[in-house]
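Spelled out, the chains give:
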Amino acid sequence: MSINTECAGQEKETSIHVKLLVIKELNGNWKGPYDYVQNVTNVLGGSTLFEVMQLAERTGSFTFKSINDDGLGEFITSVMGVDANQEKNDFWELLDGATGKLLPVGASKYIPKDRDEVLFQLKQT
Ligand code: B12
């Protein structure tokens, strides 16, 4: 019994939850409504956002595409079946879903904290 309690405690420290939010509407309101929401559970603490997205694909319905850019990591080109149209200067923006602020780094470098919400929103530059 005491061993089980200890294990549960340890699991809590290393496993976090991240919520992925998606708005497909071009330049829509970051506060929503959302086209898709997925709670990603059992994320290993310290994982990158890109790893969270890969886990979300394996465990739920989240889908995305990306291309690798040397040094900067993965550039997200498509989310939930919607390709950003480069000719129209559209791109998928990564935001903090709670504050609407831009993430300062890309998906391969951003390390979400427990209960973080990450918003993917189609934007035109
Ligand atoms: C222009 C620009 C963009 C444009 C690029 C397309 C265009 N219309 O040109 C747009 C607006 C799409 C963009 C988006 C983002 N960007 Co930007 N961008 C720049 C900027 C100002 C110049 C890049 C450039 O033109 N270089 C000159 C060309 C000749 O070199 P290049 O290697 O071919 O440039 C390409 C890459 O830089 C790539 N790119 C641009 N941004 C990003 C971000 C990531 C993560 C990746 C992998 C690639 C990438 O697009 C460029 C054109 O093809 C740089 C700052 C800088 N001075 O470098 C930031 C910069 C590269 N971007 C940055 C960031 C954080 C982002 C976003 C993640 C912001 C967000 N929260 O959404 C998004 C990417 C989201 C995604 N879909 O994955 C950071 C990267 C930091 C990091 N270490 O991860 C930089 C360094 C700015 C900063 N904060 O200091 N960006």
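Residues numbered from 1 in each chain as written. Predicted model: local features only at pLDDT ≥ 70, side-chain atom pairs only at ≥ 80, totals over all residues.

Q: Which parts of the structure should I look at to understand the overall build of the protein chain?
A: Tallying secondary structure elements over the protein chain gives two helices and seven strands in all. Reading the protein chain from its N terminus to its C terminus gives the helix and strand order α-β-β-α-β-β-β-β-β. Buried residues in the protein chain amount to 22% of all 125 residues. If you take every contact in the protein chain between residues at least 6 apart in sequence, the share linking residues at least 24 apart comes to 60%. (Helix = DSSP H or I, 4+ residues; strand = E, 2+ residues; numbered from the N terminus. Buried ≥ 20, exposed ≤ 12 C-beta atoms within 10 Å, placed from the backbone. Contact = placed C-beta atoms within 7 Å.)

Q: Help me understand the nonpolar core in this model?
A: A general trend in soluble globular proteins is that nonpolar side chains are found buried together. With 23 residues, the main nonpolar core has Val 18, Leu 20, Val 52 and Met 53 as its most contacted residues. Broken down by secondary-structure element, the contributors of at least two residues to this core are strand S1 (15–23), strand S2 (36–44), helix H2 (49–59), strand S4 (73–79), strand S6 (90–96) and strand S7 (116–124). At five residues, S1 tops the list of elements feeding residues into this core. Each residue touching Val 52, except ones within four places of it in the same chain, is listed here: Val 18, Val 40, Val 43, Ser 47 and Pro 112. (Core = buried A, V, L, I, M, F, W, Y, C linked by C-beta atoms within 7 Å.)

Q: What is the right way to look at the sheet that holds S7 in this model?
A: Where strands meet in a sheet, backbone hydrogen bonds hold them as pairs that are either parallel or antiparallel. The strand order S2-S1-S7-S6 describes an open sheet built from four strands, whose pairing is mixed. The open sheet terminates on both sides in strands that have one partner only, identified here as S2 and S6. Adjacent strand axes in the sheet meet at a mean angle of 25 degrees, parallel and antiparallel pairs treated alike. In this structure, S1 lies alongside S7, joined through six bridges in parallel fashion. Pairing of Lys 19 across the sheet is with Glu 117, part of S7. (Pairing = 2+ DSSP bridges. Axes fitted to C-alpha atoms, helices over the stretch in contact; angles between N-to-C directions.)

Q: Hey, could you run me through the sheet that holds strand S5 (residues 82–83) in this one?
A: Taken in spatial order, the three strands line up as S3-S4-S5 in an open sheet, and their pairing is antiparallel. Of all the strands in the sheet, just strand S3 (64–69) and S5 have a single pairing partner and so form its edges. Across six bridges, S3 lies against S4 in antiparallel orientation. The residue of S4 that forms the bridge with Phe 64 is Val 79.

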